[in-house]
Amino acid sequence: MKFDLAIVGAGVLGSFAALEALKSGKRVLLLDAGLKARGATVRNFGQLVPSGMALGPWRALGIRSLSIYRQLQPMVEGALWQQGSTYIASTPEEAALLEEMHAIDRAQDYRSQLLSVEQCLEKMPALRMEYCHGGLHYPEEMSAESGQLMPRLWSLLSANPELTLRAGTLVREIRERGGITDILTSNNEVLHADQVLICCGHQLNQLYPAITQNAQMKLCKLQMLRSEPVIGTRLPGNLLTGLSIRRYEAFHSCPSYEKLPQPLLDPRYGELGIHMLFRQSADGSIIIGDSHEYFPANDVTSIDYEVREDINQLMLEEARNILKLPRWTMARCWNGYYSQDMSEQKVLMRSVSEKIHLVTGIGGKGMTTGPALVQSAVQQLLRGEALTLPDVHSHA
Ligand SMILES: Cc1cc2nc3c(=O)[nH]c(=O)nc-3n(C[C@H](O)[C@H](O)[C@H](O)COP(=O)(O)OP(=O)(O)OC[C@H]3O[C@@H](n4cnc5c(N)ncnc54)[C@H](O)[C@@H]3O)c2cc1C
């Protein structure tokens, strides 16, 4: 059997690409090395935050992705919800940045609402008053319980007779032969498709390493914590804090960004790329993170596999400055990895040939922007075009 489109990798990028190709009536083969999604897509916060994306195409892709998630929401009950995102400023200067961002949002017709200290504390009584200098709330933004979203999405895709899901199947080579492509798996099978889209996450050493392991690609290791369920504390939606205001690219467009004084924190926070985000799950547990350590893309084996306790302690120390919780017992900690294209395009989106295409290196914005990015990629390749970053506008 020959498929219209084969997709290698069924994380958020590959799975939403499959969804889009099915909507276009195509016969799709979706392959993943894992029996379940195990990559960055299920290790993340699940914060769907266009507000933090660089203004221009990335924020626009985030906003478009929200509408894709909204359409999916009734079919993956409990795995996606809309309670907004709230940024909390920890200094008067960060609060000024939030005001500037609110003005930008208004000019771009993207809904946000400035919150006074009192409003922040009313919304989230667990916030420490001494930390909070005001907030900015985005009511339309969503959250995903990624570990639940992905199995539901895989089942939904598999229920479509036009999709063949091959979990537990590593693709080791792709060959072009007389207008079709042969996909060679580690089980020595050969499958056939008109077009192939590779969404391999940070596994850059398997397919087309000469392209993916380029000098502008980096691998990133992140550390995350999950608390025991915290009963009686409610943190609605996505909570982002002062260090995130400094880190997220959207805020680089604020007039005062360059004038922000350095945070009064141990320099290790900056060195380890730590910024504090929180998201509470339905059982009351809170995901706390994260840190960012970078490694060269051309040596996948160089990634550190250990959970560093010093990083966990730094994150918890700052988390305690932000929130007052009745207990700080951590139930789990884990690492996540992604590849990140550091070029101006901020993603590796490239056609290797007329038939074989790559989308990876999306970094820390894949959950937020991935669905709309691959929607565009699939439409481009079905039209027979070479892949390019879509020219979308930032207006909501
Ligand atoms: C800790 C952490 C927190 C994050 N938080 C957020 C957040 O809150 N919001 C946000 O927007 N983004 C967040 N991100 C980023 C986001 O998770 C990633 O950008 C996104 O998941 C990348 O998706 P992907 O499909 O490219 O990769 P992956 O999810 O890694 O999927 C790639 C898949 O390809 C498969 N594969 C690779 N090679 C082959 C092969 N040869 N054959 C078969 N299968 C193959 C792998 O098995 C894997 O399942 C976070 C990331 C991490 C790690």
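Structure first, text after, so check above.
Anyway, here's the lowdown on the structure attached to this text. (Residues numbered from 1 in each chain as written. Predicted model: local features only at pLDDT ≥ 70, side-chain atom pairs only at ≥ 80, totals over all residues. Heavy atoms only, no water.)

1. Things to note about the sheet that holds strand β4 (residues 80-81)
Selection criterion: In this scheme, strands are said to pair when DSSP sees at least two bridges between them. Strands here are runs of E lasting at least two residues and helices are runs of H or I lasting at least four, both read from the DSSP assignment and numbered beginning at the N terminus.
With respect to topology, 3 strands assemble into an open sheet ordered β3-β8-β4, the strand pairing being antiparallel. The open sheet has two edge strands, β3 (47-48) and β4, and neither has a second partner. Two strands pair when backbone bridges link them, and β4 and strand β8 (residues 142-144) are joined in this way by 2 bridges, in the antiparallel orientation. Bridge assignment links L80 to a residue of β8, and that residue is A144.

2. Observations concerning the packing of aromatic side chains
Test applied: Whether two aromatic rings pair depends on their centres lying within 6.5 Å, for rings of Phe, Tyr and Trp, where Trp uses its six-membered ring; planes under 30 degrees apart make the pair stacked, over 60 edge-to-face, and the rest tilted. Exposure categories follow from relative accessible area, calculated using a 1.4 Å probe and restricted to protein chains: below 20% of the type maximum is buried, above 50% is exposed, and the middle band is partly exposed.
Taken as a whole and judged by the stated rule, the model has 4 aromatic pairs. With centroids separated by 5.4 Å and ring planes inclined at 70 degrees, the aromatic side chains of F16 and Y69 adopt a geometry described as edge-to-face. Of the two residues, F16 is situated in helix α1 (residues 12-23) and Y69 in helix α2 (residues 57-72); the sequence distance between them amounts to 53 residues. For Y69, a relative accessible area of 0% translates into the label buried.

3. A short note on the site of the ligand
Definition in use: When we say a residue is near a molecule or strand, we mean one of its heavy atoms is within 4 Å of it. Polar contacts, as counted here, are pairs of nitrogen or oxygen atoms within 3.5 Å of one another; within protein the pair requires one atom able to donate a hydrogen and one able to accept it, and residues that are adjacent in sequence qualify only if both atoms are side-chain atoms. The accessible surface values rely on the Shrake-Rupley method and a 1.4 Å probe; as for residues, cover is taken only from the protein chains in view. Any residue outside Ala, Val, Leu, Ile, Met, Phe, Trp, Tyr, Cys, Pro, Asp, Glu, Lys and Arg is labelled polar, Gly included; the first ten of those are nonpolar and the last four are charged.
Neighbouring the ligand are 36 residues; D32, T41, Q47, G363 and T368 lie closest to it. Between the ligand and the protein, one listed contact pairs an oxygen atom with a side-chain N or O atom of N44 at 3.0 Å. At a separation of 3.1 Å, an oxygen atom of the ligand approaches a polar backbone atom of M367. Relative to its free-state accessible area of 1000 Å², the ligand is covered by the protein chains to the extent of 95%. Secondary-structure elements contributing two or more residues to the shell around the ligand are α1, β13 (217-227), β18 (330-341) and α10 (366-382). A class-by-class count of the residues in the shell around the ligand yields 17 nonpolar, 16 polar and 3 charged.

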